[in-house]
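Geometric and topological summary
The lines below spell out each chain.
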Amino acid sequence: MASLEKLEKGYFGVTSGFPGSGKSTFTLFKCLSMAVEHGWRICLYSPEKYPYKLLFHELSTMLIGRKLTRDSVDMETYQNAIQFLDNHFHIIDANRCKGIDDILESARQIGMRYGIDMTVIDPANWVDQTRAKGGDPLERANYVIGQVVDFAQVENQLTWMVAHPRKPPLMKDGKAYVPEMWDIAGTSDYANKAAWVEILERDFNQARTYIHVKKVRFGHLGDVGDCCVRMDMENHRFVGFNEVRTNGGVVQYEFLASDKSNWLISKAVQQSINWE
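How each quantity is defined
Residues numbered from 1 in each chain as written. Predicted model: local features only at pLDDT ≥ 70, side-chain atom pairs only at ≥ 80, totals over all residues. Heavy atoms only, no water. Helix = DSSP H or I, 4+ residues; strand = E, 2+ residues; numbered from the N terminus. Contact = heavy atoms within 4.5 Å. Phe/Tyr/Trp six-rings, centres within 6.5 Å; stacked < 30°, edge-to-face > 60°. Lys NZ or Arg CZ within 6 Å of the ring centre and 35° of its normal. Core = buried A, V, L, I, M, F, W, Y, C linked by side-chain atoms within 4.5 Å. Buried < 20%, exposed > 50% of the residue type's maximum accessible area, 1.4 Å probe, protein only. Axes fitted to C-alpha atoms, helices over the stretch in contact; angles between N-to-C directions. Parallel < 35°, antiparallel > 145°, perpendicular 65-115°, else oblique. Nonpolar A, V, L, I, M, F, W, Y, C, P; charged D, E, K, R; others polar. Expected span 1.5 Å × (residues − 1). Arc of directions from axis to C-beta. Polar contact = N/O pair within 3.5 Å; in protein donor to acceptor, adjacent residues only side chain to side chain. Pairing = 2+ DSSP bridges. Right-handed = clockwise from strand over helix to strand, strands pointing away.

Structural notes on the side chain of Asp189
Its location among the elements puts Asp189 in helix α6 (residues 189-193). Beyond its immediate chain neighbours, meaning those up to four positions away, Asp189 contacts Asn142, Ile145 and Ala194.

Here you go:
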């Protein structure tokens, strides 16, 4: 078994997958893990999470480890969670910033003020490419990716984009279709210029998600491979599986217990989330 992606500043990564695959939730889980374990400060462009109290509600649920209700979470715990999130997550106002230049300039200013380690754009299709330089849609899409890559290097941040695939056929060669990194809508520069490309595939019948890491540019940043995880619907955290082989050699997955601990007072746990 190889380890998870080894996130490092100065690079660009992308997550893709069909709607409902869990792209945004897994990306937030990744961000929160880095904030809790390494003290990272994250800048988020998340127009789909407007009003942003929805975004902080989801992050608070992940952080505390259970649903936010008056019966399950006392006011002191909730206030501590909000304080932690205020210190580690900063929002780019999507109502004011539409094009990539405005988005990255806002991220740059936030970085100068607070010291940002990672900027996330989710989803990429909300970036207004009519404001990008270029004569046709492909040139404008390439310009957007180029700006994001340059920003990561110049500002020494990890930049990450969540991008939808092109509309695919429902089946391919008689099997359910899983997009490849070349299927990301807009431009092949997502695949060409990213240091990491991961594709999420959700199996609703088995309540599990497959994370296909299609590209890792350098060996010290991780390994290409596949990972099977389950999302806890109560707190939106992801946990892995133990592999169990039957007498016939068939690989089955055994759910691990979900981590329900409060990460404000305990170590963040990514339970057996490893690539095969």
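Back to the write-up after that little detour.
As for the packing of aromatic side chains
Summed over the entire model, instances satisfying the criterion amount to nine aromatic pairs. Between Trp160 and Trp196, the aromatic rings sit 5.6 Å apart at their centres with planes inclined by 25 degrees, giving stacked as the arrangement. Taken as a pair, Trp160 in strand β5 (residues 158-163) and Trp196 in strand β8 (residues 196-203) lie far apart in primary sequence, 36 residues in all. A network of ring pairs unites the aromatic residues Tyr11, Trp160, Trp196 and Phe218 as a single cluster. Positioned above the aromatic ring of Trp263, the side-chain terminus of Arg237 is 4.0 Å from the ring centre.

Describing the nonpolar core
In terms of nonpolar packing, the biggest core is built from 40 residues, with Leu32, Phe89 and Trp196 touching the most fellow members. When residues no more than four places from it in sequence are discounted, the contact partners of Phe89 are Cys31, Leu32, Ala35, Ile42, Leu44, Phe56 and Leu59. The next biggest cluster of nonpolar side chains, apart from the first, holds 33 residues, and it includes Ala107, Val144, Ile145 and Ala194.

Quick notes on the packing of helix α1 (residues 23-38) against helix α3 (residues 75-88)
Contact geometry for α1 and α3: axes closest at 11 Å, N-to-C directions at 95 degrees. Judged on the interaxial angle alone, α3 and α1 are roughly perpendicular. Between α1, through Leu32, Ala35 and Val36, and α3, the contact on the second element is made entirely by Phe84, Leu85 and His88. When the residues that make up the contact of α1 with α3 are grouped by side-chain class, the tally is five nonpolar, one polar and no charged.

Brief notes about α3
Working note: α-helix, 3.6 residues per turn, so residues spaced by three or four point in the same direction. When the terminal C-alpha atoms of α3 are compared, their 20 Å separation across 14 residues agrees well with the 20 Å that a helix rising 1.5 Å per residue should span. Regarding α3, the residues found buried are Thr77, Ala81, Phe84, Leu85 and His88. Each buried residue of α3 sits inside an arc of 95 degrees when the element is viewed along its axis, so together they form one side. Among the exposed residues of α3, those pointing more than 90 degrees away from its buried face are Met75 and Glu76. Those residues of α3 that are buried lie in contact with α1, β2 (42-45), α2 (53-64) and β3 (89-91). Measuring from the side-chain oxygen of the N-cap residue of α3 to the backbone nitrogen of Glu76 gives 3.1 Å; that N-cap residue is Asp74.

A short note on helix α4 (residues 100-114)
Taking 1.5 Å per residue as the helical rise, α4 with its 15 residues ought to reach 21 Å, and the 21 Å between its terminal C-alpha atoms agrees with that figure. Looking only at α4, the buried set comprises Ile100, Ile103, Leu104, Ser106, Ala107, Ile110 and Gly111. All buried residues of α4 project into a common sector of 155 degrees when viewed along the axis, lining one side. In α4, those exposed residues whose orientation departs by more than 90 degrees from the buried face are Met112 and Arg113. Among the structural elements, β2, β3, β4 (118-121) and α5 (137-155) are those in contact with the buried residues of α4. Note on α4: the residue one or two positions beyond its end, Gly115, has a positive phi of about 80 degrees.

Quick look at the sheet that holds β3
Strand order in the open sheet formed by nine strands is β3-β2-β4-β5-β1-β8-β9-β10-β11, and the pairing between neighbours is mixed. Each having just a single partner strand, β3 and β11 (238-239) make up the two edges of the open sheet. Sheet topology places strand β9 (residues 208-216) next to strand β10 (residues 225-231); five bridges connect them, and they run antiparallel. Residue pairing in the sheet places His212 in a bridge with Asp226 of β10.

Comments concerning the pairing of β4
Burial along β4 is two-sided: the face carrying Met118 and Val120 and the face carrying Thr119 and Ile121 are both buried. As paired strands, β2 and β4 are joined by four bridges and run parallel to one another. In the sheet register, Tyr45 faces β4, and the bridge partner there is Ile121. Bridging between β4 and β5 involves four bridges; their strand directions are parallel. Of the residues in β5, the one forming a bridge with Thr119 is Thr159. The parallel pair β4 and β5 is bridged by α5, and the resulting crossover is right-handed.

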